[in-house]
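Single-letter residue listing:
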Amino acid sequence: MGDLLAREESGEVRVGEWDTYAICPCGLHFRLPFGDVFHIHRRVCPRCGTHKRSWVVRVCRWVSEAVWWRPSTWGRGHWENKEAERDA
Ligand SMILES: [Zn+2]
């Protein structure tokens, strides 16, 4: 992960803040305003229809690999899970 820091400093990636998300089995992430799924004002996932009681709550951050002058990369990136990093 030291690699990631170097890539961020070079401007290759942008690392978001740690925040609490509810994660649907389909992979969609919902940021939780107060760290509680209660504050999400929808009952099911808009992408796959899974009920929110099946979502898991995790502390995550988005690592963006988008390059602003290269539109084909926009939206590219991956999620990092804080718990997973602690295990590593
Ligand atoms: Zn879903």
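Data block above holds the structure.
Residues numbered from 1 in each chain as written. Predicted model: local features only at pLDDT ≥ 70, side-chain atom pairs only at ≥ 80, totals over all residues.

A.B. asks: What is the right way to read the overall build of the chain from this model?
C.D. replies: The helix and strand tally for the chain stands at two helices and five strands. In sequence order, the chain lays out its α and β elements as α-β-β-β-β-β-α. Viewed in the frame of its principal axes, the chain has a C-alpha envelope of about 40 × 35 × 20 Å. Within the chain, the fraction of its 88 residues that count as buried is 6%. Residue pairs at least 24 apart in sequence account for 38% of intrachain contacts in the chain once pairs closer than 6 positions are excluded. (Helix = DSSP H or I, 4+ residues; strand = E, 2+ residues; numbered from the N terminus. Buried ≥ 20, exposed ≤ 12 C-beta atoms within 10 Å, placed from the backbone. Contact = placed C-beta atoms within 7 Å.)

A.B. asks: Can you walk me through the pairing of strand β4 (residues 56–64) in this structure?
C.D. replies: Where a strand is regular, its side chains alternate between the two sheet faces. Relative to β4, strand β1 (residues 14–15) runs antiparallel, the two sharing two bridges. By the bridge assignment for β4, Arg14 is matched with Ser64. With five bridges joining them, strand β2 (residues 19–23) and β4 adopt antiparallel strand pairing. Paired with Ile23 across the strands is Val56, a residue of β4. Sheet topology places β4 next to strand β5 (residues 77–81); five bridges connect them, and they run antiparallel. Residue pairing for β5: Ser64 is matched across the bridge by Gly77. (Pairing = 2+ DSSP bridges.)

A.B. asks: Is there a simple way to think about the nonpolar core in this case?
C.D. replies: Side chains that are nonpolar tend, in soluble globular proteins, to be buried together. In terms of nonpolar packing, the biggest core is built from five residues, these being Tyr21, Ala22, Cys24, Trp55 and Cys60. Beyond its immediate chain neighbours, meaning those up to four positions away, Cys24 contacts Cys45, Cys48, Thr50 and Trp55. (Core = buried A, V, L, I, M, F, W, Y, C linked by C-beta atoms within 7 Å.)

A.B. asks: I tried to follow the environment of Arg76 on my own but got confused; where do I start?
C.D. replies: Its location among the elements puts Arg76 in the loop between β4 and β5. Considered as a pair, Arg76 and Glu65 are eleven residues apart in the sequence and their alpha carbons are 5.3 Å apart. The contacts of Arg76, once residues within four sequence positions are left out, are Glu65 and Ala66.

A.B. asks: Help me understand the pairing of β2, please; the structure alone is not making it clear to me.
C.D. replies: Where β2 and strand β3 (residues 29–31) come together, three bridges link them in antiparallel fashion. Residue Tyr21 lies in a different strand from β3, and its bridge partner there is Arg31. Where β2 folds back on β3, the antiparallel hairpin that results is connected by five residues, among which Gly27 adopts a positive phi of roughly 105°.

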